[in-house]
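Coordinates in review
Okay, here's what each chain looks like letter by letter:
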2 protein chains.
Amino acid sequence: MTKIHPVILCGGSGTRLWPLSRKSYPKQFAPLLGPESLFQATARRLSGADFAAPLILTNADFRFIVTEQLAATGIAPSAVLIEPAARSTAPAVLAAALWLAQTDPDGVMLVAPSDHAIPDAAGFRNSVAEALPRALAGDLVTFGIVPLRAETGFGYLQLADAGAARATTPQPLARFVEKPDVARAAALLEGGDCLWNAGIFLFSIAAILEAYRRLAPALYSAVEAAVAGATADLGFIRLAPAPWQGLEDISIDYAIMEKAGNLAVLPYAGGWSDLGGWDAVWHETGPDAAGVVCHGPATALDCQDTLLRAEAPGQQVVGLGLENLIVVAMPDAVLVADKSRAQEVKGVVAALKARGAPQAEAFPRDHRPWGWFESLALGDRFQVKRIVVHPGAALSLQSHVHRAEHWIVVAGTAQVTVDDTVALVTENQSVYIPLGAKHRLANPGRLPLTLIEVQTGSYLGEDDITRYEDIYARG
Amino acid sequence: MTKIHPVILCGGSGTRLWPLSRKSYPKQFAPLLGPESLFQATARRLSGADFAAPLILTNADFRFIVTEQLAATGIAPSAVLIEPAARSTAPAVLAAALWLAQTDPDGVMLVAPSDHAIPDAAGFRNSVAEALPRALAGDLVTFGIVPLRAETGFGYLQLADAGAARATTPQPLARFVEKPDVARAAALLEGGDCLWNAGIFLFSIAAILEAYRRLAPALYSAVEAAVAGATADLGFIRLAPAPWQGLEDISIDYAIMEKAGNLAVLPYAGGWSDLGGWDAVWHETGPDAAGVVCHGPATALDCQDTLLRAEAPGQQVVGLGLENLIVVAMPDAVLVADKSRAQEVKGVVAALKARGAPQAEAFPRDHRPWGWFESLALGDRFQVKRIVVHPGAALSLQSHVHRAEHWIVVAGTAQVTVDDTVALVTENQSVYIPLGAKHRLANPGRLPLTLIEVQTGSYLGEDDITRYEDIYARG
């Protein structure tokens, strides 16, 4: 039996879930609903006997987060394709189909966003199995979510047959419906023939390539060139930038689905959420009888319809007498918002950006190819960082003009190069890197290396770095 | 001319301003309204040509905070008396009077709480000067605040003459009025003859001692014994515990003022607040036209009647669409409360205490006789602290059973003893303290010493310490 290729779209960077979702570390990588991130949960949902290894599409900034998070799930990707620029879903899905066609032209692919919540993974896989025969027969199957409320934030799929929204087999589509106003949304919900458009698709590689060739020939040629010119880079596949840059920013709905004749819609009645705002997160995380959700070290006293998220283990969050509020506390940023204005959190990010606050886009934990670091304290002429280096990883050979560094290993073993000497430094040992010295930090071991770095000097910016060699080919 | 002895009562530990005010570092030491703490502002208000050096009454836990904060103002106390236990104001004021009588039996003393806001310091000193002749004549003068609203949270002073609340000279008192209900408070405000009882008094030492002797003879004997048995301890005066422990917990209002015949009340029409809750702090910190106060890196978007306090420089606080809320964010605790329920913050502290959260009572910055420290990161088998040692101060000679320590000096110069060696360690140098080694850290310099300590070991509690010598006589 053919195995389905999961194609996970992982390049988005939403701001409506700030401060947990930021440009540098967006929503799909955050553990919003449990110990795993939405991306990890998506990869896990689309694994098992019926599925081939997933193909991931992302951008250059997120590539190491993708590999790190996948590694933690134990799921190996068939490839990670890097989009040279964000161009919505039509180019991305086509690139995935062309890439997969090289090795499995008769295969079937399932396209899924990486930032949705679908709690019943087994139920969803059953729906995919239900849709498979139609996909194998050459139809383009889209999954429609049985609506629970008159939602104005989504587009709708209107089925050809009255009451068909409750069917459990693929149904013919009448038309796509744009995001409706409140009255129209109520009517759509009432009708029993409309589903939410969730952007999840199942089709054969041959059928979707044929559709693109016929309905978007210019796009087809350009993406074909981008895939043909793709280059391998440290385990990633970089699509060729030149043909990609000129692409139109267009969704697969507009470019293909709304024009294709061979569409089928499979209603999905299980739980689903796009987690498109903190109000949705509140709803999906199981409010108690008073409508209260507490996450982390949070305490609600006489609160109603309120979400309290304490994201830092050492920071207690207490709500007293609150109604209809969202509180999200992180070590570097706290959001307190009226829940009915959750969609305006985008404006918060814009306001912080205008003020020059790094919290608008940067995450406190800075992910790098070799691991991550975070600043623990920044004082006059000194900074303290926690640095974690993955097993087998190494930082670049580098030097600094304005700062000296002390490293104290607190877990694991470091291989430290300082000018002409190389030494192993183990737990509870320390090493000093004088200002100007060429140095490199590596983790030759099998366990993560954790060290505390104390920087001292007149200027402590990240840009005081001269790189001499870098296994990750950074400048 | 006689100089007035300020007597500043500094032993309270209110919880209604949690998380900024905690048992271990209460409200009077917090910079609530400006760069100085309320205690510092009180000491500064009661300084200048008309005043002698202040006498401070506090408890053992706060004694080093008192000296550190006073030193920063440049005001030297005449003495710091340590109350062996909290016993309200009647015993404290008597102890102060007896102490001052030893050197200035003909003097005048001004009793003031340390945690009130009186923005117009010069205006208040003018009122004190206005009251002085009556105090010298043997009356007990209490300052009454001209009320601005029908407040139910304070007791009232009802004057003998109608409309006398607007007088600028001392007035005869008709009676004390207990905290009223709402209707009664409105009537009191309406009458024009009532003032708020602020607990600020001016009297001659001879007159107040005579009043205690006559009205509270048992209390007088016991406090006299506590003062007679007081012992000097590192610059503090410890009142004798045995007679103090048996004292009744009673205010000077109940014990003396309500019974004394020789009372006069001076109306004070300048600004005053007891800062008895976050609603009062909001009011005193100058809300803008929308009723919004932002403090620190805080941003209010479309908020009304809301206080946003970002107490950690690196933590952005954003409010979106809030109404009538209090938000106070500290590195280890965030409070979000309905402003009209500010008085219930006490209950928050009780709830956290019941959960065993250290944030209920402990402050992130732990003040010690030699300076302070704070934890920057706590991980598995390691902890990072920032330690600041005052010039001339020294930690105890100590050792640890379960942890080793790395010290990196980032500002100032340390004198470090490790077993038999003593060395100076300056900026950008580090030193290692092996597990079990007897060690001592001192700051022999003229500037504060800042160092980063990285602890490693299986157990990192503060109680893993054996002290061999301590200049502060701790166990």
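Model, not experiment: these values are computed from the prediction.

Residues and elements named next belong to chain A. Each assigned domain of chain A is listed here: domain 1 (4-268), domain 2 (287-354) and domain 3 (365-469). Between domain 1 and domain 3, the C-alpha centre-to-centre distance is 40 Å. Every contact between the two is made by four residues of domain 1 and, on the other side, five residues of domain 3. For the pairing of domain 1 and domain 3, the buried interface totals around 400 Å² over both sides, and the portion due to carbon and sulfur atoms is 64%.

All names here are of chain A. The first and last C-alpha atoms of helix α3 (residues 89-101) sit 18 Å apart over 13 residues, in line with the 18 Å expected at 1.5 Å per residue. The element α3 is largely enclosed, with a buried count of ten among its 13 residues. For α3, the full list of buried residues reads Ala 90, Pro 91, Ala 92, Val 93, Leu 94, Ala 95, Ala 96, Ala 97, Leu 98 and Leu 100.

Evaluated as defined, the whole model comprises zero disulfides over all chains. Of the cysteine sulfurs around Cys 294 of chain B, a residue in no disulfide, the closest is that of Cys 303 of chain B, at 7.4 Å.

With that out of the way, let us pick up unusual backbone geometry. Across the junction of Trp 18 of chain A and Pro 19 of chain A, the peptide omega takes the value 5°, indicating a cis bond. With respect to the secondary-structure elements, Pro 19 of chain A resides in the loop between β1 (4-9) and α1 (38-45). Positive phi is not limited to glycine here, since Leu 275 of chain A has a value of about 45°. With respect to the helices and strands, the residue Leu 275 of chain A is situated in the loop between β11 (263-268) and α10 (278-284). The residue Arg 381 of chain B is not glycine, and still its phi comes out positive at about 70°. You can see Arg 381 of chain B is positioned in the loop between β19 (371-379) and β20 (382-389).

Another aspect to go through is the UniProt feature "domain: Nucleotidyl transferase" (unreviewed entry) in chain A. Here the UniProt feature "domain: Nucleotidyl transferase" (unreviewed entry) sits at residues 6-283 of chain A. Segment residues 6-283 of chain A splits into 35% helix and 21% strand. End C-alpha atoms: 28 Å apart.

Parameters at a glance
Residues numbered from 1 in each chain as written. Chains lettered and ligands numbered in written order. Predicted model: local features only at pLDDT ≥ 70, side-chain atom pairs only at ≥ 80, totals over all residues. Heavy atoms only, no water. Domains from an automatic or database assignment. Contact = heavy atoms within 4.5 Å. Buried area = accessible area lost by both parts, 1.4 Å probe. Helix = DSSP H or I, 4+ residues; strand = E, 2+ residues; numbered from the N terminus. Expected span 1.5 Å × (residues − 1). Buried < 20%, exposed > 50% of the residue type's maximum accessible area, 1.4 Å probe, protein only. Disulfide = S-S within 2.5 Å. UniProt positions renumbered as here; feature names shortened; annotations may be inferred.

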